[in-house]
Structures are given as structure tokens and as C-alpha cells.
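Per-entry structural report
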Amino acid sequence: MFVGCLEAVFVVSTMSTCNNEDPRIHGIASSIRVVPNFPKPGIMFQDITTLLLDPQAFKNTVDLFVERYKGKNISVVAGIEARGFIFGPPIALEIGAKFVPLRKPRKLPGVLPFQALIFSIFTHLPILHGKHPKEGEVISEEYVLEYGRDCLEMHIGAVQQGDRALVVDDLVATGGTLCAAINLLERVGADVVECACVIGLPELKGRERLKGKPLYILVESR
């Protein structure tokens, strides 16, 4: 599985407030590899599976995020499918927040609002609108990423008005995925405090698409 892989070149992020001399950062950077031409030609894929094979590097990654967000009154950690599901839950547990998965299309059980409308039209049953959305209803947000288009979905009832949310993913590239996550959370009334990623690709300028939200990353790929 390592055939055709390149050695990753990482530097401690200037967008991060981590101590540049913290040996944990350099250990994390050295545990990440780059896979060329994956998933499409011309893409240099930042592979964190090698980080996960190093228990100390994995622990240090989670610890650095926990140290930043503990005591910040964050009530929701929203993890982006799929690698945000790796880092988000342990962070949420340590800071005492709930974890909300932001999933790819048709992965969450439930229906989209327009599907409920179509169902009502053909069955002649009313759509029940109460103070709170129907349990299991999902909302979606489409976005453009560096090698195509995609969509994120979230259960509406998972996040409440006024929740303080942290968005977690493994990497920020063009910023499209993070921007979609921010939009989903804000549509249900959450306050997005910050976005947190392990890796940043500064040349793709994803930070500029985040609607002014702070971005915290540990290492930058060069």
C-alpha cells in the first residue's frame, strides 16, 4: 500500500497558536504521509492513517485540541465525514460536549424537508410543524471541493439554538467542506466558535472562505 508514496513535508502552522517548540507538533507532522495522484491525478493526498498507526502521535493530536478547547463552553463538536469522525468524538468526550456527525448524502436516517413535502402531497397527510422540527429530519448543504462537488447533511434536532459549536476535520484545503459545515450549523441557530483541523494546505487559501470564522490547525503541508 506504500508503493508510489512520497515523503510528506510539513511545517508547524503559522495559523496555529501551538508552541512552535512543542515536540508533539513535530511528531505529528512526521507521522503523516503524502500519496500522489489520489483520489484523482494531480491530487497530493494527505494521509492521516499513518498518524493513527502511531498511538503517541494520535494521542498528542487529540490532546492539543483538548487543551485548546477545554473550558471554552463548547456544547457541540461537529465532525465532518469521514475523518472528522476520528478526531471529533475523543475531543467531545474530553471537553464535555456532544458529538454531531455531518454526513455525506443519504447516510443519515430520516428525510429531507422537500421529501416530507412530496410525501404529504401524494398521501394527503399533513406535515406536522411544531415548535421543534420533526425528529430525524435532515438538512443538506452542497459545496465545491478541490476535485469535484459534494454535500453534507445533518439531523436538525441534534443542534439547538444557541449551541456553541466546534467544527472538526482532518484537513482544510479549499475550505468548501468547512464552509458547508458552518452553514448547516448556523441555519439551525448554532454559534460556530472555531474550525479545527490537523493539516492545512495554505496554497489553496481555504481560510478565506470561512466567513470570518477562526481556523486552528496543527501543521501545514508544503
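Residues numbered from 1 in each chain as written. Predicted model: local features only at pLDDT ≥ 70, side-chain atom pairs only at ≥ 80, totals over all residues. Heavy atoms only, no water.

**Considerations on the packing of aromatic side chains**
Under the counting rule described, the total for this entry stands at five aromatic pairs. Summarising the aromatic geometry, the rings of Phe 38 and Phe 45 are spaced 5.1 Å apart at their centres and angled 85 degrees between planes, so their arrangement reads as edge-to-face. Owing to a relative accessible area of 16%, Phe 45 belongs among the buried residues under this scheme. When the ring of Phe 65 is compared with that of Tyr 216, the centres are 5.9 Å apart and the planes differ by 70 degrees; the resulting orientation is edge-to-face. Within this pair, whereas Phe 65 is found in helix α3 (residues 55-69), its partner Tyr 216 is found in strand β10 (residues 215-221), the two being separated by 151 residues in sequence. Here the two residues Phe 65 and Tyr 216 agree in accessibility, since each one is buried. Through successive ring pairs, a cluster of aromatic residues spans Phe 65, Tyr 69 and Tyr 216. (Phe/Tyr/Trp six-rings, centres within 6.5 Å; stacked < 30°, edge-to-face > 60°. Buried < 20%, exposed > 50% of the residue type's maximum accessible area, 1.4 Å probe, protein only. Helix = DSSP H or I, 4+ residues; strand = E, 2+ residues; numbered from the N terminus.)

**Structural notes on the environment of Glu 153**
Assignment of secondary structure puts Glu 153 in strand β7 (residues 148-155). Separated by 31 residues in sequence, Glu 153 and Leu 184 have C-alpha atoms that sit 7.8 Å apart. A polar contact is formed between the side chain of Glu 153 and the backbone nitrogen of Arg 106, at a distance of 3.4 Å. (Polar contact = N/O pair within 3.5 Å; in protein donor to acceptor, adjacent residues only side chain to side chain.)

**Here we look at the environment of Lys 98**
Along the chain, Lys 98 turns up in strand β5 (residues 98-102). For the pair Lys 98 and Ile 74, spaced 24 residues apart in sequence, the C-alpha separation works out to 9.1 Å. In this structure Lys 98 touches Ser 75, Val 76, Val 77, Ala 92, Ala 158, Val 159, Gln 160 and Asp 163, once residues within four positions along its chain are discounted. In terms of polar contacts, Lys 98 uses its side chain to reach the side chain of Asp 163, at 3.2 Å. (Contact = heavy atoms within 4.5 Å.)

**So, the packing of α3 against helix α4 (residues 84-95)**
In contact at an axis separation of 9 Å, α3 and α4 are set at 50 degrees when each is read in the N-to-C sense. What the angle tells us is that α3 and α4 run oblique. Viewed along their axes, α3 and α4 form a crossing whose handedness is right-handed. Contacts between α3 and α4 involve Phe 58, Thr 61, Val 62, Phe 65, Val 66 and Tyr 69 from the former and Ile 86, Phe 87, Pro 90, Ile 91, Glu 94 and Ile 95 from the latter. Each residue belonging to the contact of α3 with α4 can be placed in one class, and the counts come to ten nonpolar, one polar and one charged. (Axes fitted to C-alpha atoms, helices over the stretch in contact; angles between N-to-C directions. Parallel < 35°, antiparallel > 145°, perpendicular 65-115°, else oblique. Left-handed = near helix turned anticlockwise from the far one by under 90°. Nonpolar A, V, L, I, M, F, W, Y, C, P; charged D, E, K, R; others polar.)

**A short note on the side chain of Ser 221**
In this fold, Ser 221 is placed in strand β10. One polar contact links Ser 221 to Gln 46, side chain to side chain, over a distance of 3.2 Å.

**Overview of α3**
Over its 15 residues, α3 runs 21 Å from end to end, which matches the ideal 21 Å to within 8%, given 1.5 Å per residue. Within the sequence span of α3, burial applies to Ala 57, Asn 60, Thr 61, Val 62, Leu 64, Phe 65, Val 66 and Tyr 69. Where α3 is buried, its residues touch α1 (23-30), α2 (49-52), α4, β8 (164-172), β9 (191-200) and β10. After α3 finishes, the residue Gly 71 shows a positive phi value of roughly 80 degrees. (Expected span 1.5 Å × (residues − 1).)

**Overview of the state of the cysteines**
Per the counting criterion, the structure on display carries zero disulfides. A disulfide-free cysteine, Cys 197 has its sulfur positioned 6.8 Å from the sulfur of Cys 195, the nearest such atom. By relative accessible area, Cys 197 is classed as buried at 0%. (Disulfide = S-S within 2.5 Å.)

**Some details on the packing of α1 against α3**
Running from N to C, α1 and α3 point in directions that differ by 130 degrees, and their axes come no closer than 9 Å. Comparing their axes, α3 and α1 come out oblique. Considering the relative orientation of α1 and α3, their crossing is left-handed. Between α1 and α3, the contacting residues are Arg 24, Ile 25, Gly 27 and Ile 28 on the first element and Ala 57, Asn 60, Thr 61, Asp 63, Leu 64 and Glu 67 on the second.

These figures come from the coordinates and say nothing about function on their own.
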